[in-house]
Amino acid sequence: MDAVSTAPWWLQASVAAAVFAYLPSYWSFKELAPGGDCRRGFQCWAGWRAVASFLFGEARLVVEAPEKLKACPQGILAVAPHGVVSFNHALYMTDCAGWFGDGVWPVDRRDLAASFVFKVPLYREFLLFLGNVDASRRVARRVLGSGRSLFVYPGGEAEQMRAAPGRHIAYWKTRKGFVRLAVEAGVPIIPSYAFGENELYAPLPLATGLRLWICRKFRVALPLGVGRWWCPLLPRKRPLVGVVGPPIPVPCVDAADTQKFDETVDEVHAKVCAAVVALFDRHKNKYTHKDATLEII
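Our subject in this report is the structure included herewith. (Residues numbered from 1 in each chain as written. Predicted model: local features only at pLDDT ≥ 70, side-chain atom pairs only at ≥ 80, totals over all residues. Heavy atoms only, no water.)

A word on the side chain of Arg-211
The condition is simple: Note on conventions: DSSP H or I runs of at least 4 residues are helices, E runs of at least 2 residues are strands, and numbering of each starts at the N terminus. Note on exposure labels: buried denotes an accessible area under 20% of the residue type's maximum, exposed denotes more than 50%, and partly exposed covers the range between, all computed with a 1.4 Å probe on protein chains only. Lys and Arg are tallied as positive, Asp and Glu as negative. Neither His nor the chain termini are counted. Salt-bridge detection follows one rule: a side-chain nitrogen of Lys or Arg within 4 Å of a carboxyl oxygen of Asp or Glu. Note on definitions: a residue-residue contact is assigned when non-hydrogen atoms from the two residues lie within 4.5 Å.
Checked against the element boundaries, Arg-211 lands in helix H11 (residues 208-218). Glu-157 provides the closest opposite charge to the buried, salt-bridge-free Arg-211, at an N-O distance of 13 Å. Filtering out sequence-adjacent residues up to four positions away, Arg-211 remains in contact with Met-161, Leu-204, Leu-206, Leu-222, Pro-223 and Leu-224.

Put into structure tokens, the structure is as follows:
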């Protein structure tokens, strides 16, 4: 007899009831709604600071122009690098470094996450409660159209696959989708760089060429990294510091005027790339080393 048939009837009934009760949440498609299912209480849970202390030792935010950021009613927060696991996201979507408690940017914001993560039971609710929604262009437009702000990793899966200690990269050279969204809506872009993210895992050079091909072909990342020696899944204990630059104004241009729209996108994209490099250079002496350079690839 198999394990299922020998399990007590009450246990089988309990599991079936739990699955049945969960299905409405799984099939709610809240990740496609501009408001998602954000729970501010969960984002501001006091335990996030203890979690960050265990994982990184230090987690903090440095905001260059706090008054300008607070005065910005809507915008797109563009962050690099993605890293193997994007642990730096915790700096911006939880209160582990005071994002909400200190009122760093007191706006209603939703964060874009890859579509496939919302297929994972329970993990989808974890992300939804933290303010994440589907990363499709349609949902992003609806979020901005609702008056909310956005958080994006422009480098996405390509940046994730190239994460390595000692390497500072922003895979932004050909990524203009976030800029197009900003120009369509006429909202500022706020550049940010997370020092320490790429130090959390050492990459495993296994089937790298194949994994990069899968990433290019299907836009799915299959990163392999090693964290702490006693538990490789946990990140190495390194300080995580997110530096946030001042908002970059973006004009609103009608996409129907394709020539002007494309010219504006190229112009703004160049400004944003230059701004994140300048932001990195202003803080590298303190959070990495003076000879470090941020590659825009």
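Re helix H8 (residues 137-145)
This is how it is decided: It is the directions from the helix axis to the C-beta atoms whose arc is reported.
The set of residues buried in H8 consists of Val-139, Ala-140, Val-143 and Leu-144. In an axial view of H8, the angular spread of the buried residues amounts to 135°, which keeps them on one side of the axis. Positive phi appears at Gly-147, one or two residues downstream of H8, with a value of about 95°.

A word on the packing of aromatic side chains
Our working definition: Two rings from Phe, Tyr or Trp (for Trp, the six-membered ring) form a pair when their centres are within 6.5 Å of each other. A pair whose planes differ by under 30 degrees is stacked, one over 60 is edge-to-face, and the rest are tilted.
Enumeration over the complete set of coordinates arrives at 18 aromatic pairs. Aromatic side chains Tyr-193 and Phe-195 sit 5.0 Å apart centroid to centroid with 70° between the ring planes, which places their arrangement in the edge-to-face category. When the ring of Tyr-193 is compared with that of Phe-280, the centres are 5.1 Å apart and the planes differ by 80°; the resulting orientation is edge-to-face. Taken together, the residues span a long stretch of sequence, with Tyr-193 in strand E7 (residues 189-195) and Phe-280 in helix H12 (residues 258-287) at a distance of 87 residues. The pair Tyr-193 / Phe-280 is uniform in exposure class, with both members buried. Members of the aromatic cluster, joined through ring pairs, are Phe-42, Trp-45, Trp-48, Tyr-123, Phe-126 and Phe-129.

Concerning the packing of helix H10 (residues 177-185) against H12
How we decide: Structural elements are reduced to axes, namely lines fitted to C-alpha atoms, with helices fitted over the stretch in contact, and the angle between N-to-C directions of any two is expressed from 0 to 180 degrees. Here roughly perpendicular refers to angles of 65 to 115 degrees, roughly parallel to angles under 35, roughly antiparallel to angles over 145, and oblique to all remaining angles. Left-handed describes a crossing whose near helix is turned anticlockwise from the far helix through less than a right angle; right-handed describes the clockwise counterpart. For this classification, Asp, Glu, Lys and Arg are treated as charged, while Ala, Val, Leu, Ile, Met, Phe, Trp, Tyr, Cys and Pro are nonpolar and the rest, including Gly, are polar.
As a packed pair, H10 and H12 sit with axes 9 Å apart at the nearest point and diverge in direction by 120°. On the basis of their axis angle, the class for H10 and H12 is oblique. Where H10 crosses over H12, the handedness of that crossing is right-handed. Where H10 approaches H12, its residues Phe-178, Val-179, Arg-180, Val-183 and Glu-184 are matched on the opposing element by Phe-261, Asp-262, Thr-264, Val-265, Val-268, His-269 and Val-272. Looking at the contact of H10 with H12 residue by residue, the classes come out as seven nonpolar, two polar and three charged.

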